[in-house]
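Next come the chains, spelled out residue by residue.
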Amino acid sequence: MHIAIIGAGVSGLLTALELVEQGCQISIFDQQQSGQAASWAGGGILSPMYPWRYPQAVNTLAQYGKSMYQTWNEKLLPITGIDFEIHDTGMLIFDEDDFDIGLNYADCHQEPMQQAEYLTRDGLDQINPWIDSKLQHAIYFPKLSNIRNPRLLQSVINYLKQHPLVSFFENRPIVKFQLQQHKIQYVVDQAGNKFAADQFVIATGAWSQHWAKQLNLDIPVQPVQGQMVLFKAPANWLPTMCMNNVMYLIPRQDGHIVCGSSMSHCGFDTTPDPKIKQNILDACLEMVPELAQFPIVKQWAGLRPSSPTGVPYIGAVPDANNLWMNVGHFRNGLCMGPASAQLLRQLMLEQPTLTDSTAYSPERLKTDQLVIG
């Protein structure tokens, strides 16, 4: 089976990985270089931030993230030489209003990865001595980890590009689906070239609403800008991830510390805003004041593919017999990514699914009958 995947972010790449391991021939199209949009820009926490604030459908997929990435890393590392750098740091959360629900979440939802404990100041000093003295208590999630998403993307892209069943078409914007009798006959790129396949997958992230008019569907996926700041400290200087008021610090193994993140509705603009940068710095330095002694080495902004509830659309597109989608993951594309891709592979190949797919069905998008032509 030949499958064309439109979009080479984490959703498209992991979908390709799942399908090529089943013997499918894959063509991957992207409007720029692979892995350069939100998938690269994110923080890489392998859990939803405050999972109790999200629908269960989000957490159902996210709970598989770490174990699936560990499995893929073991397979790809000997071939690519690029480690995903899954970093087992744990997470401190300082939002007092979330203490009770956070402490009970793991037991209520049977998610042992979300096990938490309450820490007073003495406990904080033992786990992370850099926390500001004004913060007298926290809840600590010792089993939470982060992944270095640029390295994840590099490894997956490297593996797929050397695979005999995979072809990449980068800097090749697809602009049109040619539909006839409820079936995609081929896709057309910006230069007018046509590409045929047996099945097609939309994995275009924040750009997914582009297809709404052609498919006569409401696709409520919008870009939401998130801005980040990167410090460089000594290796292993900051021992844990930290979070307060939706701002976070994420330490990498080599001492880089990712600080974020904002939310701005500014279309497809990825220009960093100095005021937002200062807001991020103020919030992060309130948690770890000593961070100010280290240099800022980079700042950037990415575009999250927001959807109304954060529950992605995974499965068959209504009234198109060979079109599928894997879009709309909002803030949790990296932690939901492996399970989302596996679920789509299972649906496409008519295999048993890892969970009930109903909550993710693109049937939710249906407004009118698909326009044929």
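Residues numbered from 1 in each chain as written. Predicted model: local features only at pLDDT ≥ 70, side-chain atom pairs only at ≥ 80, totals over all residues. Heavy atoms only, no water.

Some thoughts on the sheet that holds strand β17 (residues 323-327)
- As summarised here, the arrangement of the 6 strands in space is β6-β2-β1-β10-β17-β16, forming an open sheet in which the pairing is mixed. In this open sheet, the two strands that pair with only one neighbour each are β6 (166-169) and β16 (313-316). The sheet shows a mean angle of 15° between the axes of neighbouring strands, taken without regard to direction.
- Where strand β2 (residues 25-29) meets β6, 4 bridges bridge the pair, whose relative direction is parallel. (Pairing = 2+ DSSP bridges. Helix = DSSP H or I, 4+ residues; strand = E, 2+ residues; numbered from the N terminus. Axes fitted to C-alpha atoms, helices over the stretch in contact; angles between N-to-C directions.)

Topic: the confidence of the model for the protein
- Scored by pLDDT, the protein has a mean of 94; 98% of the residues are at 70 or more.
- Confidence drops under a pLDDT of 50 for residues 368-373, and excluding neighbours within four residues, the segment shows 18 contacts in the predicted structure. (pLDDT = per-residue confidence, 0-100. Contact = heavy atoms within 4.5 Å.)

Topic: the sheet that holds strand β9 (residues 194-195)
- The strand order across the open sheet formed by 3 strands is β7-β8-β9, and the pairing between neighbours is antiparallel. Strand pairing shows two members of the sheet lacking a second neighbour, β7 (174-180) and β9, which therefore form its edges.

Focus: the pattern of salt bridges
- Applying the stated criterion to the full structure yields 11 salt bridges.
- R151 is paired through a salt bridge with E85; the nearest N and O atoms lie 3.3 Å apart. Here R151, found in helix α7 (residues 149-161), pairs with E85, found in the loop between α4 (65-80) and β3 (91-93); they are 66 residues apart in sequence, far enough to count as distant.
- Overall, R151 belongs to the partly exposed group, its relative accessible area being 24%. (Salt bridge = Lys/Arg side-chain N within 4 Å of Asp/Glu carboxyl O. Buried < 20%, exposed > 50% of the residue type's maximum accessible area, 1.4 Å probe, protein only.)

Some points on the packing of aromatic side chains
- A full pass over the atoms with the stated rule returns 13 aromatic pairs.
- Considering the side-chain rings of W40 and W300, the 5.2 Å spacing of their centres and the 55° angle between planes classify their relative orientation as tilted. Linking W40 in helix α2 (residues 38-41) with W300 in strand β15 (residues 296-306), this pair joins segments that are 260 residues apart in sequence.
- Look at W40 and you get partly exposed, because its relative accessible area is 24%.
- Taken together, Y50, W52, Y105 and F141 form an aromatic cluster joined through their ring pairs.
- Here R53 stacks its cationic end above the ring of Y50, 3.7 Å away from the centre of that ring. (Phe/Tyr/Trp six-rings, centres within 6.5 Å; stacked < 30°, edge-to-face > 60°. Lys NZ or Arg CZ within 6 Å of the ring centre and 35° of its normal.)

A closer look at the environment of Q190
- Counting through the fold element by element, Q190 comes out in the loop between β8 (183-189) and β9.
- In this structure Q190 comes out as exposed when scored by relative accessible area, which is 61%.
- In this structure, the C-alpha to C-alpha distance between Q190 and S357, residues 167 residues apart in sequence, is 34 Å.
- If we skip the residues at most four places from it in the chain, Q190 touches P173 and V175.

Describing the nonpolar core
- Ranked by size, the top nonpolar core spans 48 residues in total, and within it L13, I26, I28, Y69, F84, V156 and L160 carry the most contacts.
- Residue assignment for this core shows that the elements contributing at least two residues are β1 (2-6), α1 (10-20), β2, α3 (56-62), α4, α7, β6 and α10 (333-348).
- Per-element accounting of this core gives the leading share, 8 residues, to α10. (Core = buried A, V, L, I, M, F, W, Y, C linked by side-chain atoms within 4.5 Å.)

A closer look at α10
- The principal kink in α10, of about 30°, is found at A339.
- For α10, a buried count of 15 out of 16 residues is recorded, marking the element as mostly surrounded by other parts of the structure.
- The positive-phi residue at the C-terminal boundary of α10 is E350, with phi of around 55°. (Bend = angle between axes of the 7 residues up to and from the residue.)

What to know about the side chain of Q225
- By the element assignment, Q225 lies in strand β11 (residues 222-232).
- By relative accessible area, which is 2% here, Q225 ends up buried.
- A polar contact is formed between the side chain of Q225 and the backbone oxygen of T271, at a distance of 3.4 Å.
- With sequence-adjacent residues up to four places away left out, Q225 is seen in contact with S262, M263, S264, C266, D269, T270, T271, A301, G302, L303 and R304. (Polar contact = N/O pair within 3.5 Å; in protein donor to acceptor, adjacent residues only side chain to side chain.)

With respect to the environment of V58
- Mapped onto the elements, V58 comes out in helix α3.
- When the C-alpha atoms of V58 and G310 are compared, they prove to be 7.0 Å apart, with 252 residues separating the residues in sequence.
- Leaving out residues up to four positions away in the same chain, V58 has contacts with P48, G310, V311, N332 and M336.

Considerations on the state of the cysteines
- If you walk through the whole model with that rule in mind, you get 0 disulfides.
- In this structure C284 is a free cysteine whose sulfur lies 4.1 Å from that of C259, the closest cysteine sulfur available.
- For C284, a relative accessible area of 1% gives the class buried. (Disulfide = S-S within 2.5 Å.)

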